[in-house]
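Residue-level structural notes
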Amino acid sequence: MADRNKKTQAIIFSLRQSGEQNRIVTAFSPEMGIFSCILYGGPKSKLRSLVQPFNSGTIYLYCDETKKSIKISDFDATNCHISIRENLYKSCAATLACEIVMKTKCAGDNESAFTLLKALLDGMDIVDETEARLGMLRFLWRYIGLLGIQCDVKTCASCGKFLLSENMESFYVDQANLFVCKDCIPYFSSEIKLSSKLIPLDLNALTYLAAINELTPGKVRSLLLPQDSAYRMKQFLYHLIEKASETKLETLATGSGIL
């Protein structure tokens with residue numbers, strides 16, 4: 001008989017009440033993916049105080065194959081992410097990131113998705129809100145890369161011009177998933193132009209996206225991004241990730257004035 005006791009690294013996604021004392025916990029593990037388990041115990045339970053949304057660490061499970069149930073035996077919460085629960089933006093951003101991972105089925109790569117999400121939560125917990133907002137943008141672009149839908153941000157798909165060499169606006173063509181320079185918009189396929197969403201991004205935004213892919217995380221964090229460029233990049237990334245999710249993201253709708 002297989003060992004019913006298991007342990008794995010996990011991030012707690014959410015909890016919902018089950019009866020008077022128990023809770024159903026949704027968690028994410030690099031080995032098990034997204035799974036549900038039962039947490040027993042009343043309000044005074046020490047374990048219940050540790051198993052909270054966005055906390056991460058080693059979770060100990062008792063798996064009953066006969067009853068097809070998983071019970072939490074213990075949880076060693078190594079990262080409690082207190083500042084995320086205390087800051088409205090951070091809380092909404094963390095919820096959005098978890099929703100993206102769930103609705104895209106971990107991008108088909110549990111380990112890589114877990115690594116990206118854990119890095120985001122750990123990073124947001126130790127920085128201020130301004131830095132947390134940039135960290136969320138970096139997470140979205142990297143996760144879009146994990147999904148395999150990143151487009152070339154360096155070259156105009158129409159004329160081949162290097163987009164990072166001139167301080168001019170470029171446009172993301174939604175239908176074709178590519179960028180074209182401002183000069184090529186009048187000559188680009190009229191059928192695509194008229195039926196597709198065009199999202200403008202400036203040199204600062206394109207350079208930042210390219211840097212995320214090419215520089216170390218430490219060097220990217222040191223880069224500055226003008227507020228207007230960050231706003232446009234955010235709209236572009238939200239559009240792309242929602243399209244990849246193939247559904248409306250609830251957190252984007254409920255947190256529209258915050259995110």
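For clarity, every value in this text was computed on a predicted model and none was experimentally measured.

Right, let's talk about the pattern of salt bridges for a bit. In the structure shown here, the tally under the stated rule is nine salt bridges. Where D122 meets K118, a salt bridge forms, and the shortest distance between an N and an O atom there is 2.7 Å. Residue D122 and its partner K118 are both found in helix α4 (residues 110-125); the two are separated by four residues, about one turn of the helix. In this structure, R133 and E129 form a salt bridge, with 3.0 Å as the shortest nitrogen-oxygen distance. Separated by four residues within a single helix, R133 and E129 lie in helix α5 (residues 129-146), roughly one turn from each other. One salt-bridge network, held together by shared partners, links E169, D228 and R232.

Time to look at the sheet that holds strand β6 (residues 170-173). As summarised here, the arrangement of the three strands in space is β7-β6-β8, forming an open sheet in which the pairing is antiparallel. Strands with a single pairing partner mark the edges of an open sheet, and in this sheet they are β7 (178-181) and β8 (198-201). Averaged over all neighbouring strand pairs, the angle between strand axes comes to 35°, with direction disregarded. Relative to β7, β6 is paired through four bridges, and the arrangement is antiparallel. The residue bridging Y172 from the neighbouring strand is F179, located in β7. Along the sheet, helix α7 (residues 203-214) contacts β6, β7 and β8; its crossing angle with β8, the most-contacted strand, is approximately 90°. Helix α9 (residues 227-245) rests against β6, β7 and β8 of the sheet, and its axis sits at about 145° to β8.

Residues L117 and F236 are the most contacted members of the largest nonpolar core, which totals 66 residues. Those residues within four positions of L117 in sequence are excluded, and the remaining contacts are I11, F13, F28, A97, C98, V101 and F139. In terms of nonpolar packing, the next biggest core, distinct from the first, is built from 16 residues, F35, C37, V51 and I59 among them.

Between α5 and α9, whose axes approach to 10 Å, the crossing angle comes to 40°. For α5 against α9, the interelement crossing comes out left-handed. Seen from α5, the contacting residues are L137, L140, W141, Y143 and I144; seen from α9, they are A230, M233, K234, F236, L237, Y238, L240 and I241. For the contact of α5 with α9, the residue count by class is twelve nonpolar, no polar and one charged.

Analysis parameters
- Residues numbered from 1 in each chain as written.
- Predicted model: local features only at pLDDT ≥ 70, side-chain atom pairs only at ≥ 80, totals over all residues.
- Heavy atoms only, no water.
- Salt bridge = Lys/Arg side-chain N within 4 Å of Asp/Glu carboxyl O.
- Helix = DSSP H or I, 4+ residues; strand = E, 2+ residues; numbered from the N terminus.
- Pairing = 2+ DSSP bridges.
- Axes fitted to C-alpha atoms, helices over the stretch in contact; angles between N-to-C directions.
- Contact = heavy atoms within 4.5 Å.
- Core = buried A, V, L, I, M, F, W, Y, C linked by side-chain atoms within 4.5 Å.
- Buried < 20%, exposed > 50% of the residue type's maximum accessible area, 1.4 Å probe, protein only.
- Left-handed = near helix turned anticlockwise from the far one by under 90°.
- Nonpolar A, V, L, I, M, F, W, Y, C, P; charged D, E, K, R; others polar.

Shape is all these values report; function is a separate question.
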